[in-house]
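Chain by chain, the residues:
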Amino acid sequence: MAEVVEQAGGAVTRIQDRPDWLYLLRDFYEMYRQTPAGGSAKIRTHQRAVRERINRVIKANAEVRESQGVQKPVTAHLQRALDNGRVQCHAPMIRTIEAVRQTLSWQYGYEKVPPGLQRKYAYAELAGPSGVVMTEEIILGLVLFAPACTYPTHAHDGISESYVCVSGAVSENDQGVYAPGSLIFNPPGHMHRITVADHSPSLLCYAWMGERDKLIGQKMNFSRKPK
């Protein structure tokens, strides 16, 4: 039986009460188990740590706070990204995202967003301090890029970050092309810039890990003012 805890404001919804969110966490777990590490011990260690944290969130039966979804201009490209991803290696993840898409709150994460980026980028935190699944273990989310988007150079203080491409193709720092099934790993403080294919949107899953205060208080800033 699903666990429902009574609080002053009423019943608290848990993961076991919302199977779609449980499936989504399990899909993330499998994605970080099956995506190749390319022989990198650091990436393999990162993948294992992500899985361990996801497992703890599931075992804790974390709280789920669903709300009315929030759209951004770039979400006009979401259906295309989902359709493209449906025929790729992460089709199960695509189906689970579709099941919860109406409750996703898309955000920018910056106090001031360059005008050119406002229509080409947004992210949705799925699990984390501000996510639908409430946890301080890890941040899991989605990031959506419109075609021909350039996401300016930035870094994350005290945060280990990885992206798994589920639709479209991106390049990081012009040093490689990442198609569906690829993983990009950025250790803390690593400066990185993302560019997106000219004619297709790209949808990536991401995981952030770090100390509790870093996850809760992370401020996102570009390294320099975009031109």
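As shown above, the structure is provided for reference.
Here the structure is a predicted model, which is why all the values come from computation and not from measurement.

Asks: Explanation requested: the sheet that holds strand β9 (residues 170-172) in the structure shown.
Replies: Note: strands within a sheet are paired through backbone hydrogen bonds, in either parallel or antiparallel orientation. Strand order in the open sheet formed by four strands is β7-β12-β9-β10, with antiparallel pairing between adjacent strands. With partners counted over all chains shown, the strands left at the sheet margins are β7 (150-154) and β10 (177-178), one partner each. In this structure, β7 lies alongside strand β12 (residues 192-196), joined through three bridges in antiparallel fashion. Opposite H154, over in β12, you have H192 as the bridge partner.

Asks: I would appreciate a short explanation of the pattern of salt bridges in the present structure.
Replies: A side chain with one charge may pair with a side chain of the opposite charge, provided their charged atoms come close. Here the structure, examined in full by the defined rule, presents nine salt bridges. Residues joined by salt bridges that share partners form a network here, namely D83, R86 and E98.

Asks: Looking at this model, I keep getting lost on the packing of aromatic side chains. Mind explaining?
Replies: In this description, a pair of aromatic rings is defined by centroid distance and the angle of the planes. As enumerated under the stated definition, the model contains six aromatic pairs in all. Ring plane angle 65° and centroid distance 5.8 Å describe the contact between F145 and Y151, whose orientation is recorded as edge-to-face. Residue classification places F145 among the buried residues on the basis of a relative accessible area of 1%. Look at Y151 and you get buried, because its relative accessible area is 2%.

Asks: What should I look at first to understand the environment of E211 in this one?
Replies: By the secondary structure assignment, E211 is in the loop between β13 (202-209) and α5 (212-217). According to the relative accessible area criterion, E211 is exposed, its value standing at 59%. Along the sequence, E211 and E136 sit 75 residues apart, while their C-alpha atoms lie 9.0 Å from each other.

Criteria and thresholds
- Residues numbered from 1 in each chain as written.
- Predicted model: local features only at pLDDT ≥ 70, side-chain atom pairs only at ≥ 80, totals over all residues.
- Heavy atoms only, no water.
- Pairing = 2+ DSSP bridges.
- Helix = DSSP H or I, 4+ residues; strand = E, 2+ residues; numbered from the N terminus.
- Salt bridge = Lys/Arg side-chain N within 4 Å of Asp/Glu carboxyl O.
- Phe/Tyr/Trp six-rings, centres within 6.5 Å; stacked < 30°, edge-to-face > 60°.
- Buried < 20%, exposed > 50% of the residue type's maximum accessible area, 1.4 Å probe, protein only.

Remember that the coordinates give geometry; whether it matters functionally is a separate question.
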